[in-house]
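Working through the structure, step by step
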Amino acid sequence: MTQDLSKKFWTQRYEEGITGWDIGYPSTPLKEYIDQLTNKEAKILVPGAGNAYEVEYLWNQGFKNVSVLDISSLPLENFKKRNPTFPNDQMLLIDFFELEGSFDLVLEQTFFCAIDRDLRQQYAQKMHEVIRSGGILAGVLFGKEFDQQGPPFGGTKQEYLKYFEPYFEIKHMDLCTNSIPPRAGNELFIELIRK
Ligand SMILES: C[S@@+](CC[C@H](N)C(=O)[O-])C[C@H]1O[C@@H](n2cnc3c(N)ncnc32)[C@H](O)[C@@H]1O
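Note that the structure is predicted; figures quoted are calculated from it, not measured.

**Observations regarding unusual backbone geometry**
Between Gly150 and the following residue, Pro151, the backbone shows a cis peptide bond with an omega angle of 0°. A cis geometry characterises the amide bond from Pro151 onward to Pro152, with omega recorded as 5°. Even without being glycine, Ala52 reaches a positive phi, approximately 60°. Inspection of the secondary structure puts Ala52 in the loop between β1 (44-47) and α3 (53-60).

Written out as structure tokens, the structure reads:
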């Protein structure tokens, strides 16, 4: 049976506070990646951003061209409460697969693992569509399968290469060395250059 991973499913998880993925601060791999970025004008997207601590961090570091996207309004409302001056037109309440636009950089964290496995190829294709040529998809993917029923849905580098290699040059897809402790050893850090 296909699992319900609709907007309703995610909103209910936020309403009921069943948000085990939410660490409450920008994760170390994303924070350290952001810290070495130099172009403050870069057009950046964080899809499936949830409460979006990484977007908040980017914004506070002076990356004013950053957009936050989620299918559920609840985490976006939380984000707006914490960041009242964040522009509404950079808050995208839509299904990622319906996104239109062109970005220099997309940051991934626990979004890929939240979508149906059948959509993985489409995810790679959509990322190719919304990242400009030479732009970057960076962040973390789980690097192992989990025993329990997802989400999160795990996976392997071998599987991921199948989806991304047609669309991206694989600059990095390696064991993440600065994961937060509960995810240590379970994540791959990716930096993929859009072909
Ligand atoms: C596991 S949570 C991760 C949230 C955030 N990245 C974090 O690390 O805290 C997955 C998020 O993706 C959102 N989501 C799921 N499917 C989506 C879709 N098709 N388009 C946009 N957002 C989606 C959910 O609403 C949820 O906020």
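**Details of the site of the ligand**
Tyr14, Gly48, Asp70, Gln109 and Thr110 are the nearest of the 18 residues found near the ligand. The side chain of Asp70 places a nitrogen or oxygen atom 2.6 Å from an oxygen atom of the ligand. In isolation the ligand exposes 590 Å². Once the protein is present, 95% of that is buried. Mapping the ligand onto the cavity grids shows that it belongs to the largest pocket. Taken together, the residues of the shell around the ligand sort by class into 11 nonpolar, 5 polar and 2 charged.

**What to know about empty space enclosed by the protein**
Evaluated as defined, the whole model comprises 1 cavity of 30 Å³ or more. Around the largest cavity, the lining residues are Glu108, Thr110, Phe112, Cys113, Val140, Leu141, Phe142, Phe153, Tyr160 and Glu187. Tallying contributions element by element places strand β5 (residues 131-142) first for the lining of the largest cavity, with 3 residues. Across the lining of the largest cavity, the residue classes tally to 7 nonpolar, 1 polar and 2 charged.

**Regarding the sheet that holds strand β6 (residues 168-175)**
Strand order in this open sheet of 7 strands is β3-β2-β1-β4-β5-β7-β6, and the pairing throughout is mixed. The sheet is open, and its two edges are formed by β3 (91-93) and β6, each paired on a single side. The mean inter-strand angle of the sheet, taken between neighbouring strand axes irrespective of direction, is 15°. Where β6 lies against strand β7 (residues 187-194), 7 bridges are found, and the strand directions are antiparallel. Paired with His172 across the strands is Glu191, a residue of β7.

The rules behind the values
Residues numbered from 1 in each chain as written. Predicted model: local features only at pLDDT ≥ 70, side-chain atom pairs only at ≥ 80, totals over all residues. Heavy atoms only, no water. Helix = DSSP H or I, 4+ residues; strand = E, 2+ residues; numbered from the N terminus. Near = heavy atom within 4 Å. Polar contact = N/O pair within 3.5 Å; in protein donor to acceptor, adjacent residues only side chain to side chain. Areas by Shrake-Rupley, 256 points an atom, 1.4 Å probe, with all protein chains shown as cover. 1 Å grid on protein atoms, 1.4 Å probe; cavity = no way out; pocket = protein on both sides within 12 Å on 5 of 7 lines; lining within 4 Å. Sits in = over half its atoms within 2 Å of the grid points. Nonpolar A, V, L, I, M, F, W, Y, C, P; charged D, E, K, R; others polar. Points joined across faces, edges and corners; volume = space filled by probe spheres on them. Pairing = 2+ DSSP bridges. Axes fitted to C-alpha atoms, helices over the stretch in contact; angles between N-to-C directions.

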